[in-house]
Amino acid sequence: MTEPSLWTALALGAGYFGSAFQLVARSSRPQRERTGLLPAAYGLDYSEVSVRSRDGLELSGWWIPGGRERKAALLVHGLNASKASPYVLPALPVYAELGWGVLMIDLRAHGDSPGARTTLGLTEVRDVLGGLDWLAQRGYPREAVVLHGWSMGAATVLMVAADEVVRAVVADSGYARLSRLLRQRVGGLLYPGVALAAQTLLGAHPRRAAPEEAAAQLRAAGTPLYLLHGTADRTVPYDHALALHAAYPEARLWSLEGYPHVSAWRHPEYALRLRAFLDRLGGRW
């Protein structure tokens, strides 16, 4: 290689990796959502709580007490959202009417929780595990807890449930593999640089986030799974729902024709269908 060609190659390489690192640095800093919405809008009593993640972060949370039975749900929002997101809160009255306790948390770097960066589910697993610990300390065993997540939160609860014995999982608009999603978003050419940047800057390689494999583990364990996904989702394409369902064919899949990302709550049958899934779990826990 001649000297000019070498310098050209070096310049192109520097530009390629520089763009990838800049993209990861920018996109890993989520926006802080402030909706002003509260559980009180549904006439529900709640308390502000602090939930310690497995790596020591004090996460902001809400606790809505349930009935006499020791059963609970842990609700987990998606990227650039919070426990007060308009798509999270509509699930709350469904659980409350069934007498469940509900824990809602702000993931790290979101809402009122500390932190500066997100890893789209990989380190957020520690936040959900902290939520399970919080519930266990108050008499709600893991096998009596439903994990309910949206988007990044859906992927996160799937990965947690693969290693924990929980009652069921509800996954709304979650990705099947982070590496696949990133390839779809940034293109196959830039993806290797993005993956390297994520590993370097965040210590989190995208290939480690594989909810598709977690779904197969849930199937083997017999953990009930409810998948919800809009066919017009441009944030997490609908083919991710099909991949998750292929990994767990017995899972319930609600394909919302023409609905975009995390918009199942807008469907007139949302509460009815969610309640029907929960009712089928059956029995005293």
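The structure we're discussing is the one just above.
A short tour of the structure in this document, coming up. (Residues numbered from 1 in each chain as written. Predicted model: local features only at pLDDT ≥ 70, side-chain atom pairs only at ≥ 80, totals over all residues. Heavy atoms only, no water.)

## Describing the sheet that holds strand β7 (residues 225-230)
Part 1: Ordered by their spatial adjacency, eight strands build an open sheet running β1-β2-β4-β3-β5-β6-β7-β8, and the pairing between neighbours is mixed. Where the open sheet ends on each side, the last strands, each with one partner, are β1 (47-52) and β8 (252-256). Neighbouring strand axes in the sheet, compared pairwise and without regard to direction, differ in orientation by 20 degrees on average.
Part 2: The sheet contact formed by strand β5 (residues 145-150) and strand β6 (residues 168-172) spans five bridges and is parallel. Across the sheet, V146 pairs through a bridge with A168, a residue of β6.
Part 3: Running at roughly 160 degrees to β7, helix α8 (residues 239-247) makes contact with β7 and β8 of the sheet. (Pairing = 2+ DSSP bridges. Helix = DSSP H or I, 4+ residues; strand = E, 2+ residues; numbered from the N terminus. Axes fitted to C-alpha atoms, helices over the stretch in contact; angles between N-to-C directions. Contact = heavy atoms within 4.5 Å.)

## Examining unusual backbone geometry
Part 1: Phi at L120 takes a positive value of approximately 60 degrees, unusual for a residue other than glycine.
Part 2: By secondary structure assignment, the location of L120 is in the loop between β4 (101-105) and α3 (124-137).
Part 3: Look at L120 and you get partly exposed, because its relative accessible area is 23%.
Part 4: Located in the positive-phi region is S151, a residue other than glycine, with phi close to 55 degrees.
Part 5: Considering the arrangement of structural elements, one finds S151 in the loop between β5 and α4 (152-161). (Buried < 20%, exposed > 50% of the residue type's maximum accessible area, 1.4 Å probe, protein only.)

## Remarks on the pattern of salt bridges
Part 1: The full count for this structure, using the stated rule, is 17 salt bridges.
Part 2: Of the charged contacts, one joins D55 and R126 as a salt bridge, the two residues approaching to 3.1 Å between their closest N and O atoms. Highlighted residues: D55 in the loop between β1 and β2 (58-64) and R126 in helix α3, separated in sequence by 71 residues.
Part 3: A relative accessible area of 36% places R126 in the partly exposed class. (Salt bridge = Lys/Arg side-chain N within 4 Å of Asp/Glu carboxyl O.)

## Topic: α3
Part 1: Across its 14 residues, α3 extends 20 Å between first and last C-alpha, which sits within 8% of the 20 Å expected from 1.5 Å per residue.
Part 2: Burial runs high along α3: 11 of the 14 residues are buried.
Part 3: In this fold, the buried residues of α3 make contact with β1, β2, β3 (72-76), β4, β5 and α4.
Part 4: Trailing α3 by a residue or two, G139 shows a phi angle of about 90 degrees, which is positive. (Expected span 1.5 Å × (residues − 1).)

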